[in-house]
Amino acid sequence: YFLEPVSRTYKDYVPEDARLGIKNLFSNASSPLNLVSSALQGDVDKVVRVLGRLVLNTVVGLGGLFDVAKYYEIESVNEDIEQALGHYDVPAGPYLVLPFFGPSSGRGIVGRAADSFLSPTVWFSPTFLVGAGITLEDTVNSSSFILDDIDALEKDAVDPYVSQRDFYHQYREG
């Protein structure tokens, strides 16, 4: 009830190029999380890709504002601790919808808690409120890209809850 109208207004007033730059910046900042998760899974290829993207995008891409690594065909890596736990066959557990956090699972909650310790906002924000504001900006910006998909899912679903649950599990398993 809060995130959707804020994200829609944000999408209406912030140009897509600016939103993409912000998305790139946050993606670059999440490199430590991607690196640790890839390493825990023993995926050397992803570790090398994360490091290559981090160096290129930080140095040439103005701190990650521009995704320079894509021009060198270095694919992005989107890993988190929940995926590392899944790699070691930790069961997902029950499907949960948490206020302010959205859909998750038992494993997802543990993974999210561990992810937060690898977040630059935890390490470098001068205060909790600044860190919360940065996290909120990332959430609103990310949500602005998927609003149409959410609308389509809700419109076409016989039971929106079941559709969202199934989509969540399929997405995380993928």
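Thresholds, definitions, all that
- Residues numbered from 1 in each chain as written.
- Predicted model: local features only at pLDDT ≥ 70, side-chain atom pairs only at ≥ 80, totals over all residues.
- Heavy atoms only, no water.
- Buried < 20%, exposed > 50% of the residue type's maximum accessible area, 1.4 Å probe, protein only.
- Helix = DSSP H or I, 4+ residues; strand = E, 2+ residues; numbered from the N terminus.
- Arc of directions from axis to C-beta.
- Contact = heavy atoms within 4.5 Å.
- Pairing = 2+ DSSP bridges.
- 1 Å grid on protein atoms, 1.4 Å probe; cavity = no way out; pocket = protein on both sides within 12 Å on 5 of 7 lines; lining within 4 Å.
- Points joined across faces, edges and corners; volume = space filled by probe spheres on them.
- Nonpolar A, V, L, I, M, F, W, Y, C, P; charged D, E, K, R; others polar.
- Salt bridge = Lys/Arg side-chain N within 4 Å of Asp/Glu carboxyl O.
- Patch = residues over 30% accessible without salt bridge, like charges linked within 9 Å, V, L, I, M, F, W, Y side chains within 5 Å.
- Areas by Shrake-Rupley, 256 points an atom, 1.4 Å probe, with all protein chains shown as cover.
- Axes fitted to C-alpha atoms, helices over the stretch in contact; angles between N-to-C directions.
- Parallel < 35°, antiparallel > 145°, perpendicular 65-115°, else oblique.

> Explanation requested: helix H3 (residues 31–40) in the structure shown.
An α-helical turn contains 3.6 residues, so a residue and the one three or four places further along point in the same direction. Within H3 the residues assigned to the buried category are Ser-31, Leu-33, Asn-34, Ser-37 and Ser-38. The buried residues of H3 all sit within an arc of 160° when viewed along its axis, so they share a single face. Turning to H3, the residues buried within the fold contact helix H2 (16–29), helix H4 (44–59), helix H5 (81–87) and helix H6 (106–117). Gly-42, located one to two residues past H3, shows a positive phi value of around 70°.

> Explain the pairing of strand S2 (residues 102–105) to me, please; I cannot follow it from the model alone.
Residues in a regular strand point their side chains to alternate faces of the sheet. Bridge count between strand S1 (residues 95–98) and S2: four bridges; the pairing is antiparallel. Residue pairing for S2: Leu-98 is matched across the bridge by Gly-102. Remark: three residues form the turn of the hairpin made by S1 and S2, two consecutive strands paired antiparallel; Phe-100 in that turn has positive phi of roughly 70°.

> I keep staring at empty space enclosed by the protein and nothing clicks. Help me out?
Over the atoms, a rolled probe matching the size of one water molecule traces out where space is still vacant. This structure, assessed with the given rule, holds one cavity of 30 Å³ or more. What the largest cavity holds in volume is close to 30 Å³. It is helix H10 (residues 160–173) that contributes the most residues to the lining of the largest cavity, four residues altogether. Tallied by class, residues from the lining of the largest cavity come to two nonpolar, two polar and four charged.

> So what exactly am I meant to see when it comes to the pattern of salt bridges here?
Any two side chains of opposite charge can pair if their charged atoms end up close together. The tally for this structure, following the rule as stated, stands at ten salt bridges. In this structure, Arg-107 engages Glu-82 in a salt bridge whose closest nitrogen and oxygen atoms are separated by 3.7 Å. With a gap of 25 residues between them, Arg-107 in helix H6 and Glu-82 in helix H5 connect regions that are remote in the sequence. For Arg-107, a relative accessible area of 11% corresponds to the buried category. What makes Glu-82 buried here is its relative accessible area of 6%. Residue Asp-166 pairs with Arg-165 through a salt bridge whose shortest N-O separation is 3.6 Å. The class for Arg-165 is partly exposed, based on a relative accessible area of 28%.

> Would you explain a nonpolar patch on the surface in this entry?
Where nonpolar side chains cluster on the molecular surface, the patch consists of Leu-25, Leu-62, Leu-65 and Phe-66 and spans about 370 Å² of accessible area. For Leu-62, the position within the fold is in the loop between H4 and H5.

> What should I look at first to understand the side chain of Asp-80 in this one?
The residue Asp-80 is located in the loop between H4 and H5 in this model. Ignoring any residue separated from it by four or fewer positions in sequence, one finds Asp-80 in contact with Leu-33, Ser-37, Asp-115 and Arg-172.

> What's the story with the packing of helix H1 (residues 3–13) against helix H8 (residues 128–144) in this structure? I'm lost.
If you want to describe how two helices pack, look at the angle between their axes and the distance between the axes. Orientation of H1 relative to H8, taken along the N-to-C sense of each, is 75°, at an axis distance of 8 Å. It follows that H1 is roughly perpendicular to H8 by the angle criterion. Here Leu-3, Val-6, Ser-7, Tyr-10 and Lys-11 of H1 lie close against H8, whose contacting residues are Glu-137, Thr-139, Val-140, Asn-141, Ser-143 and Ser-144. Within the contact of H1 with H8, the residues separate by chemical class into four nonpolar, five polar and two charged.

> Explanation requested: the environment of Glu-75 in the structure shown.
With respect to the secondary-structure elements, Glu-75 resides in the loop between H4 and H5. When the C-alpha atoms of Glu-75 and Phe-26 are compared, they prove to be 16 Å apart, with 49 residues separating the residues in sequence. In this structure Glu-75 touches Arg-49 and Arg-53, once residues within four positions along its chain are discounted.

> Teacher, can you tell me more about the environment of Ser-105 here?
Structurally, Ser-105 can be placed in strand S2. The spacing of Ser-105 and Leu-136 is 31 residues in sequence and 21 Å in space, taken between C-alpha atoms. With sequence-adjacent residues up to four places away left out, Ser-105 is seen in contact with Glu-82, Ala-92, Gly-93, Pro-94, Leu-96 and Tyr-168.

Interpretation note: all reported values are geometric properties and have no functional meaning in isolation.
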